[in-house]
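What follows is each chain in one-letter form.
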Amino acid sequence: MDNIIKRLCNTNELIELYSNFNDCDKFAVGYIDACTDNECLIHSFQENDLDDGYYVMHNDSVFEIRRRTKYLKNMLLFIKPNTEKYKLPKGYWTELDLFNVVLNLCKEERLMAMIRLDFGEECYGYINDFDDSILEIETVDSDGIPDGIEYLRIEDVRVIGFGSLEANRRSKLFETQNNLN
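Residues numbered from 1 in each chain as written. Predicted model: local features only at pLDDT ≥ 70, side-chain atom pairs only at ≥ 80, totals over all residues. Heavy atoms only, no water.

1. Some remarks on the state of the cysteines
In the structure shown here, the tally under the stated rule is zero disulfides. Counting only cysteine sulfurs, Cys 35 is the nearest neighbor of Cys 9, a cysteine outside any disulfide, at a range of 3.5 Å. Looking at the unpaired Cys 40, the closest cysteine sulfur is the one in Cys 35, lying at 7.3 Å. For Cys 40, a relative accessible area of 0% translates into the label buried. (Disulfide = S-S within 2.5 Å. Buried < 20%, exposed > 50% of the residue type's maximum accessible area, 1.4 Å probe, protein only.)

What follows is the structure in structure tokens.
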């Protein structure tokens, strides 16, 4: 898949990207904005031009890519990809760690992050700190309530995302909860 990801990187071609072996009916629709030999950065959308944020994942997590499907042709009627709010890399990079770029952005801008681990578990929260081996995240539950601090091994992290509808929902609930106190 690495060569296909590189070929589609920064082409503005809408794709279906499959990375969840446990549920092959779930897939991301979006654009590959940036990639390296090991990672790709996807700008994801849902129907009706709903921006579903950005995700960085390991290339070897991708097991299928679809192009030019009827579904994608219909999605193109709604999606307007020029919604950049963040300074993120574009194109193919030989020496860049996209995971670190996204982690730094989430930490510095205090963006609600979604972390998916090797074994499928997802958590949402704010990145407090990270290094080459450990990620510290202040977790937030589905009601926007803080749920403690988690320490995750970086090697177990498969996907990091931000700006999704779910992350934005939790962030808004979190802000509302904290303003009430």
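Moving on from the model shown.
2. Description of the packing of aromatic side chains
Scanning the model with the defined rule gives eight aromatic pairs in all. Seen from their ring centres, Tyr 18 and Phe 63 are 6.4 Å apart, and the 55° between their planes marks the pair as tilted. With Tyr 18 in strand 1 (residues 15-18) and Phe 63 in the loop between strand 4 (50-58) and strand 5 (64-67), this pair connects stretches of sequence that are 45 residues apart. Exposure remark for Tyr 18: the relative accessible area of 3% places this residue in the buried category. We classify Phe 63 as partly exposed; its relative accessible area is 24%. Between Tyr 126 and Phe 174, the aromatic rings sit 5.1 Å apart at their centres with planes inclined by 55°, giving tilted as the arrangement. (Phe/Tyr/Trp six-rings, centres within 6.5 Å; stacked < 30°, edge-to-face > 60°. Helix = DSSP H or I, 4+ residues; strand = E, 2+ residues; numbered from the N terminus.)

3. Observations concerning empty space enclosed by the protein
Summed over all chains, the structure comprises two cavities of 30 Å³ or more. Approximately 40 Å³ is the volume found for the largest cavity. Together, Asp 51, Gly 53, Tyr 54, Lys 85, Tyr 86 and Gly 163 line the largest cavity. For the lining of the largest cavity, the per-class residue count stands at two nonpolar, two polar and two charged. (1 Å grid on protein atoms, 1.4 Å probe; cavity = no way out; pocket = protein on both sides within 12 Å on 5 of 7 lines; lining within 4 Å. Points joined across faces, edges and corners; volume = space filled by probe spheres on them. Nonpolar A, V, L, I, M, F, W, Y, C, P; charged D, E, K, R; others polar.)

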